[in-house]
Amino acid sequence: MNTKIRLALDRTPNTNHTGFYVALAKGAYEQAGLDVEFISPDQDNYQMSPARRVVQRSVELAITPSESVISYQTNGVPLLAIATVLARDTSAIVTLKESGIDKPKELDGKVYASYGARYEDDIIRQLIQNDDGRGQFISHKLGWSGIWRALLTREVDAAWCWLTWEGVQADIQGVDLNQFLFDEYEIPYGYNPVLTAHSDWTEQNGDALRRFLEVTAAGYRFAVKNPDDAARLLMKTANHPTLTKRNFVEQSQQMVSGYYLDGEGQWGFMHRNVWVSFVNWMIRNHLLTDPTGDLIQRMDVDTLFTNKYLEGIPAMIR
């Protein structure tokens, strides 16, 4: 009998997820003895975060930012990142060029479109302060579905967007954006998104997990080599209203395919120094607290992520 694996997506199907959909379209999960189902967050109108679904055991895997793993671990819940979906971060804080807000410090007193994530406002505050601003802004919680529209209609002044998705959309629509990249303002932001599981489940299902990751990695390698074919498979298999414009999806796919693999041609592999830098930055800026509210001064990053289920998966020869 096939092992059931339900995967909660972090947002509606997009080119970050292409490798999963390629593997599904090609029947590769089934051939590996897996019964895989994707859960899109718009099925319940974003009511429950992907990480919470893992905690509540309604899914086996979720796509989350690395902060979700850190957040649950500070509360004693052993979530674990088992692969990174992208080798490097493709997100940025963006503003409309026409707004005249072309530096983070100019976000003081402005409205930021928030997803409502635990450390999100802290990261934005620090971004502004690192540019010599006060870090005082209005956080307007909107959730995934309304954020891009709110930016375009000037309901908000800034938003956290993905350059490979909303950035491409803006390009096609002729919308000029200012982009504030985290590393340019001394924020060593971690992996986003990552594939997250409960450590109990990974220990009990290690063999199935290895098969899942091997097949998924092959899906991402296919997307790197054949971006247009991969984009078509994503559109057809996901069959989602956000994936109807072929030109947009293909352009996004061409761009994001450059972010799937690390320098060694491996998909999913996480470098320890990326986790160490981000966690230490969070500790230095007093962002991490335990359930009683006390500041966390140390955190063992080796409890947050593992590459062991990726061992033996071939890299792509360039």
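We now turn to the structure provided with this report.

Rules behind the numbers
Residues numbered from 1 in each chain as written. Predicted model: local features only at pLDDT ≥ 70, side-chain atom pairs only at ≥ 80, totals over all residues. Heavy atoms only, no water. Helix = DSSP H or I, 4+ residues; strand = E, 2+ residues; numbered from the N terminus. Rg over C-alpha atoms; globule rule 2.2 N^0.38 Å. Buried < 20%, exposed > 50% of the residue type's maximum accessible area, 1.4 Å probe, protein only. Contact = heavy atoms within 4.5 Å. Lys, Arg positive; Asp, Glu negative; His and termini not counted. Charge placed at Lys NZ, Arg CZ, Asp CG, Glu CD. Axes fitted to C-alpha atoms, helices over the stretch in contact; angles between N-to-C directions. Parallel < 35°, antiparallel > 145°, perpendicular 65-115°, else oblique. Left-handed = near helix turned anticlockwise from the far one by under 90°. Nonpolar A, V, L, I, M, F, W, Y, C, P; charged D, E, K, R; others polar. Pairing = 2+ DSSP bridges. 1 Å grid on protein atoms, 1.4 Å probe; cavity = no way out; pocket = protein on both sides within 12 Å on 5 of 7 lines; lining within 4 Å. Points joined across faces, edges and corners; volume = space filled by probe spheres on them.

### Here's the deal with the overall build of the protein
Piece 1. When helices and strands are counted, the protein shows twelve helices and ten strands.
Piece 2. Its C-alpha atoms give the protein a radius of gyration of 19 Å, within 12% of the compact-globule value 20 Å for 318 residues.
Piece 3. Projecting the C-alpha coordinates of the protein onto the three principal axes gives extents of approximately 55 × 50 × 40 Å.
Piece 4. Burial analysis of the protein (318 residues in total) assigns 56% to the buried set.
Piece 5. Partitioning the intrachain contacts of the protein with sequence separation of at least 6 by distance along the chain shows that 79% fall at a separation of at least 24.
Piece 6. Here the protein contributes 31 positively and 40 negatively charged side chains, and the mean placements of these two sets differ by 3 Å.

### Details of the packing of helix α10 (residues 227-238) against helix α11 (residues 246-256)
Piece 1. Close contact between α10 and α11 brings their axes to 9 Å; oriented N to C, the two are set at 125°. When the axes of α10 and α11 are compared, the pair comes out oblique. Once α10 is placed against α11, the crossing between them reads as right-handed. For the pair formed by α10 and α11, the contact residues are Pro227, Asp228, Ala231, Arg232, Leu234 and Met235 on the first element and Arg246, Val249, Glu250, Gln253 and Gln254 on the second.
Piece 2. Of the residues that constitute the contact of α10 with α11, the class distribution is five nonpolar, two polar and four charged.

### Here we look at the sheet that holds strand β5 (residues 91-96)
The strands that make up a sheet pair up through hydrogen bonds in the backbone, lying either parallel or antiparallel.
Piece 1. Taken in spatial order, the five strands make up an open sheet running β7-β6-β8-β5-β9, and their pairing is mixed. Looking at which strands have only one partner, the edges of the open sheet turn out to be β7 (138-141) and β9 (177-180). Across this sheet, the average inter-strand angle for adjacent strands is 40°, counted without regard to direction.
Piece 2. Two strands pair when backbone bridges link them, and strand β6 (residues 111-114) and β7 are joined in this way by four bridges, in the parallel orientation.

### Description of the packing of helix α9 (residues 206-225) against α10
Piece 1. Two elements in contact, α9 and α10, have axes whose closest approach is 5 Å; the angle formed by their N-to-C orientations is 125°. One element, α9, and the other, α10, form an angle in the oblique class. From α9, Phe222, Ala223, Val224 and Lys225 reach across to α10, where they touch Pro227, Asp229, Ala230 and Leu233.
Piece 2. A per-class count over the contact of α9 with α10 returns six nonpolar, no polar and two charged.

### With respect to helix α5 (residues 120-129)
In an α-helix there are 3.6 residues to a turn, and that puts residues three or four apart on one side.
Piece 1. If you check which residues of α5 are buried, you get Glu120, Ile123, Ile124, Gln126, Leu127 and Ile128.
Piece 2. Looking at the buried side of α5, the elements it contacts are α4 (66-74), β5, β6, β8 (158-162), β9 and α12 (272-284).

### Observations concerning the pairing of strand β1 (residues 3-8)
Piece 1. Of the strand pairs in this sheet, β1 and strand β2 (residues 34-39) are connected by six bridges, and their pairing is parallel. Considered in β2, the bridge of leucine 7 is made with phenylalanine 38.
Piece 2. Relative to strand β3 (residues 61-64), β1 is paired through two bridges, and the arrangement is parallel. When the sheet's bridge partners are listed, alanine 8 is paired in β3 with alanine 62.

### A few points about the layout of surface pockets
Piece 1. Considering only enclosed or pocket space, the largest pocket measures out at about 910 Å³ in volume.
Piece 2. In terms of lining residues, the largest pocket is bounded by 34 residues, among which Ser49, Pro50, Tyr115, Gly116 and Ala117 are the most central.
Piece 3. Within the residue set of the lining of the largest pocket, elements represented by two or more residues are α3 (50-55), β3, α4, α6 (144-152) and β8.
Piece 4. Counting residues per element, the lining of the largest pocket draws most heavily on α4, at four residues.
Piece 5. When its residues are assigned to classes, the lining of the largest pocket shows 17 nonpolar, eleven polar and six charged.
Piece 6. Quantified by volume, the second largest pocket comes out at close to 570 Å³.
Piece 7. Every residue lining the second largest pocket is counted, 24 residues in all, and those nearest its centre are Ser145, Trp148, Trp165, Gln169 and Thr242.
Piece 8. Put simply, the parts of the chain that give the lining of the second largest pocket at least two residues each are α6, α7 (166-173) and α11.
Piece 9. A total of five residues in the lining of the second largest pocket trace back to one element, the largest contributor, which is α6.
Piece 10. Taken together, the residues that form the lining of the second largest pocket break down as eleven nonpolar, eight polar and five charged.

### Examining the sheet that holds β1
Piece 1. Strand order in the open sheet formed by five strands is β2-β1-β3-β10-β4, with mixed pairing between adjacent strands. Since the sheet does not close on itself, it has two edges, and those belong to β2 and β4 (79-84), each with one partner. Strand-to-strand twist across the sheet, computed as the mean angle between neighbouring axes with direction ignored, equals 30°.
Piece 2. Against the sheet, α4 makes contact with β3, β4 and β10 (194-198), and its axis sits at roughly 160° relative to β4, the strand it touches most.
Piece 3. Packed onto the sheet, α9 meets β1, β2, β3, β4 and β10 and runs at close to 55° relative to β1.

No statement about biological role is implied by the geometric values presented.
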